Number of protein chains: 2
Amino acid sequence: MSIIVMKFGGTSVADTERIQRAASKVAREVALGNQVAVIVSAMSGVTNKLVAYCDEISPKYDKREYDAVVSSGENITAGLMAMALQELEIDARSWQGWQVPILCSEAHGKARIEDIDASKMLRHLGRGQVAVLAGFQGVTERERIATLGRGGSDTTAVALAAALGADRCDIYTDVDGVYTTDPRIAKAARKINKISYEEMLELASLGAKVLQTRSVEMAYKRDIPIQVLSSFDEAIGSDLPGTLVTREEDIMEKHVVNGVAYAKDAAKITLFNIPDTPGIAAEVFGPLTDAEVNVDMIVQNVSEDGKVTDITFTVPENELEAALQSLNANEKLKGAEIRSNADVVKISVVGIGMVSHAGVAQTMFRTLADKSINIQVIATSEIKISVIIDKEYLELAVRALHTAYGLDAYN
Amino acid sequence: MSIIVMKFGGTSVADTERIQRAASKVAREVALGNQVAVIVSAMSGVTNKLVAYCDEISPKYDKREYDAVVSSGENITAGLMAMALQELEIDARSWQGWQVPILCSEAHGKARIEDIDASKMLRHLGRGQVAVLAGFQGVTERERIATLGRGGSDTTAVALAAALGADRCDIYTDVDGVYTTDPRIAKAARKINKISYEEMLELASLGAKVLQTRSVEMAYKRDIPIQVLSSFDEAIGSDLPGTLVTREEDIMEKHVVNGVAYAKDAAKITLFNIPDTPGIAAEVFGPLTDAEVNVDMIVQNVSEDGKVTDITFTVPENELEAALQSLNANEKLKGAEIRSNADVVKISVVGIGMVSHAGVAQTMFRTLADKSINIQVIATSEIKISVIIDKEYLELAVRALHTAYGLDAYN
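Residues numbered from 1 in each chain as written. Chains lettered and ligands numbered in written order. Predicted model: local features only at pLDDT ≥ 70, side-chain atom pairs only at ≥ 80, totals over all residues.

Quick look at the relation of the copies chain A and chain B now. With an axial shift of 0.0 Å and an RMSD of 0.1 Å, the rotation relating chain A to chain B amounts to 180 degrees. Each copy turns onto its partner about a two-fold axis. Minimal C-alpha separation from the rotation axis in chain A is found for S72 of chain A, amounting to 2.7 Å. Here 100% of the contact residues of chain A are again contact residues in chain B; the copies associate through an equivalent surface. (Least-squares fit on C-alpha atoms with pLDDT ≥ 70 in both. Contact = placed C-beta atoms within 7 Å.)

So, on to the sheet that holds strand β14 (residues 266-275) of chain A. All names here are of chain A. If you walk across this open sheet you meet the 4 strands as β15-β16-β14-β17, and the pairing is antiparallel. Whereas interior strands pair on both sides, the edge strands pair on one side only; in this sheet they are β15 (298-300) and β17 (337-341). Sheet twist, expressed as the average angle between the axes of neighbouring strands with direction ignored, equals 15 degrees. As defined by bridge partners, β14 adjoins strand β16 (residues 308-316) across 8 bridges and the pair is classed as antiparallel. Within the sheet, the bridge partner assigned to I269 lies in β16 and is F313. Across the sheet, helix α10 (residues 320-328) touches β14, β16 and β17, and the angle it forms with β17 is around 180 degrees. (Pairing = 2+ DSSP bridges. Helix = DSSP H or I, 4+ residues; strand = E, 2+ residues; numbered from the N terminus. Axes fitted to C-alpha atoms, helices over the stretch in contact; angles between N-to-C directions.)

All names here are of chain B. Strand order across the open sheet formed by 4 strands is β15-β16-β14-β17, with antiparallel pairing between neighbours. Each edge of the open sheet is held by one strand with a lone partner, namely β15 (298-300) and β17 (337-341). Averaged over all pairs of adjacent strands, the angle between strand axes in this sheet comes to 15 degrees, irrespective of strand direction. Across the sheet, helix α10 (residues 320-328) is in contact with β14 (266-275), β16 (308-316) and β17; its angle to β17 comes to roughly 180 degrees.

Our focus in this paragraph is the interface of chain A and chain B. In this assembly, 29 residues from chain A lie in contact with 29 residues from chain B. Every element with two or more residues in the side of chain A that touches chain B is listed here: α1 (16-31), α2 (46-57), α3 (63-70) and α4 (72-87) of chain A. Among the residues making up the side of chain A that touches chain B, the classes are represented as 15 nonpolar, 9 polar and 5 charged. (Nonpolar A, V, L, I, M, F, W, Y, C, P; charged D, E, K, R; others polar.)

When pLDDT is averaged across chain A, the result is 90; 98% of the residues are at 70 or more. Across the predicted assembly, pTM comes out at 0.83 and ipTM at 0.80. (pLDDT = per-residue confidence, 0-100.)

One face of the sheet, then the other: side chains in a regular strand alternate in exactly this way. Residues and elements named next belong to chain A. Along strand β2 (residues 35-40), 6 of the 6 residues are buried, which leaves the element largely enclosed by surrounding structure. By the alternation rule, side chains of β2 split into Q35, A37 and I39 and V36, V38 and V40, which are all buried. The pairing of strand β1 (residues 3-8) with β2 spans 6 bridges and is parallel. The residue of β2 that forms the bridge with I4 is V36. Since β1 and β2 lie parallel, the crossover through α1 that links them has a hand, and here it is right-handed. (Buried ≥ 20, exposed ≤ 12 C-beta atoms within 10 Å, placed from the backbone. Right-handed = clockwise from strand over helix to strand, strands pointing away.)

A few words now on the packing of helix α7 (residues 197-205) of chain B against helix α8 (residues 213-222) of chain B. Residues and elements named next belong to chain B. In the contact formed by α7 and α8, the axes pass within 9 Å of each other and the chain directions differ by 165 degrees. Overall, the two elements α7 and α8 adopt an arrangement that is roughly antiparallel. Relative to α8, the crossing made by α7 is left-handed. Contacts between α7 and α8 involve Y197, M200, L201, A204 and S205 from the former and T213, V216, E217, A219 and Y220 from the latter. Classifying every residue of the contact of α7 with α8 gives 7 nonpolar, 2 polar and 1 charged. (Parallel < 35°, antiparallel > 145°, perpendicular 65-115°, else oblique. Left-handed = near helix turned anticlockwise from the far one by under 90°.)

Have a look at this one:
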């Protein structure tokens with residue numbers, strides 16, 4: 001007998017009819033003799049509405065109260081899903097974060113799961129009862145409700161799978177798997193059957209919206225295979241029709257490049273003529289961290305004269321203003337020239353095969369050059385190459401790279 | 001310094017703007033130096049929507065899951081109210097039932113509050129923090145959420161007032177007090193300034209919708225003065241503009257009759273020719289109780305021959321079918337004739353002055369006779385007289401009785 005965790009996102013539980021359809025998928029896993037824990041998101045639209053209420057009441061709202069309000073969305077779905085399962089003659093009950101309990105950090109609005117005491121839930125599962133857990137939430141030591149941030153239900157699912165010692169974590173969503181790139185941009189995009197945690201982690205953090213980054217990170221650490229599936233297909237997890245995110249060793253055929261990802265909401269900042277002294281990077285990025293700006297790619301080149309240098313980095317577009325404020329207020333940057341550009345996009349190619357193949361970067365540079373696309377910034381890691389280019393070339397670049405790396409479905 | 005409990009009903013927190021208006025009333029009580037606990041209902045319409053979801057999913061839903069779903073409505077308002085207070089520079093936090101905790105019985109959907117451990121909340125109030133409690137809910141010993149049934153937020157307010165040792169419990173609603181009768185039926189209806197717990201209890205259980213019966217019962221037992229106020233007036237509780245529900249001794253001027261109430265949803269059942277033997281009433285009403293039918297007025301007359309008798313009683317209209325099923329299945333009623341009528345209404349006059357005044361019933365009978373209204377059933381208690389009449393005479397009877405007992409505003 002296996003323990004299976006099944007997670008349904010907002011569009012998969014958008015109304016009562018879809019909740020019933022999701023329940024029938026759970027019923028099939030139960031019929032196969034599995035012990036099943038279900039994680040649900042809020043019905044789509046509900047969280048946005050609750051967030052809008054908070055914004056109307058107070059622009060500078062207390063995040064603890066925000067959490068108390070928005071966590072209600074998942075609680076509603078959890079109760080409804082338990083009812084829908086009971087209607088199918090399946091023993092089921094709902095669980096809210098505090099009932100498990102799922103212990104979270106005090107970072108309200110973006111809390112981290114610190115511990116899950118799964119003993120009580122395991123007893124219920126052992127009696128053949130399906131557990132339906134409200135995703136995206138937990139409880140702090142002070143007994144306040146905390147949420148994990150948008151998309152946090154994926155993280156709840158993987159964390160619960162780890163705590164239960166689950167055999168598989170199935171994420172049901174509105175797409176039928178992970179694609180080599182965004183099918184809305186490149187029609188030739190292919191569904192990936194198996195992908196490694198490392199690649200998925202890069203793809204998720206580079207803009208692929210299928211799985212939340214932290215959930216992949218946690219699955220990687222705890223070695224929980226994730227199956228990404230469409231909740232609108234007839235197949236269920238046991239039929240393995242989606243994308244399996246698993247260990248590199250479990251993937252036979254390794255592509256050099258497995259996906260092309262993009263992040264539209266990037267903005268680029270360049271600091272010219274800053275002193276080339278030890279510790280200057282800390283002086284620049286310390287205050288940015290304090291201002292809660294998430295700095296992404298950082299490029300600093302060797303300086304010509306050893307006195308002044310330039311640093312370029314990217315930030316999310318909606319944090320650009322806060323970043324510029326912080327930089328302009330920075331005493332250490334008095335003589336520097338600060339330039340920014342929000343009309344840029346980050347494009348990345350990802351693949352574990354890269355490590356053992358030469359010329360992967362060259363293919364990227366050559367392909368973009370052939371299309372007369374100027375590369376503004378380059379950053380590489382062991383399994384990815386990212387570039388910053390003008391936003392207007394986004395679609396052209398994605399399609400060209402998808403073809404160049406042999407990812408097209410029918411080539 | 002006083003401890004004040006303020007409760008806001010669904011229409012008083014119907015949208016974010018009204019929540020802010022309610023918050024400003026709380027702010028004024030705080031400015032007067034009071035420690036304040038606020039109880040909120042769900043935003044109007046929210047509970048109905050959540051109940052509709054439950055009905056869509058499963059007609060025979062699990063009440064524990066129903067409670068998990070519908071309690072979310074109050075949780076949302078509690079968080080938003082705390083934010084609105086903070087926006088007015090008032091220290092405030094929301095509380096859900098389990099966080100207090102408010103311990104409830106296991107009768108999900110209509111649980112009773114068994115105990116409130118107010119020690120933690122009192123510490124927060126003592127620090128000058130306003131407590132905003134989600135009404136209508138609590139937690140069972142098994143750590144499941146239970147709701148108190150519709151209108152239960154009034155009960156939460158009074159129970160919390162008792163647990164906190166509050167000086168006053170203000171119920172803000174969409175009317176500005178308790179009226180001598182329904183102003184929609186009798187334009188001459190007057191607002192009552194002070195009314196005794198006993199009278200209010202009768203009025204509430206007889207159909208006056210201002211306060212929930214159980215909340216009055218609890219206020220009576222624990223001697224908590226309730227002030228019923230309009231949330232749309234400028235006045236706050238300290239200005240005493242509404243209706244004060246208090247002890248009989250605190251009311252100087254005692255009216256013979258203080259109000260005329262009606263219940264539209266009554267249905268009448270008469271059992272003819274049932275055996276006039278000891279225990280027959282138990283044989284009739286035992287199975288009705290098992291069928292969860294709430295029997296109201298019961299009238300049994302002395303039988304002529306001592307062998308057979310007739311019993312008439314009323315039930316809520318929506319329980320008539322269940323009642324008839326139970327009666328038809330009752331072996332002991334084999335020879336009886338069962339007749340029912342849903343086109344009836346119960347009209348009651350209530351007043352503590354009745355005890356010491358003769359002729360109060362006679363005024364009622366005379367008034368109805370003058371309008372040619374036939375009285376089908378009569379039942380009396382120390383402070384009320386109820387009659388069952390044809391539904392079509394409802395408005396006529398209410399207005400005539402209101403005038404006859406000298407209750408009209410400008411007579």
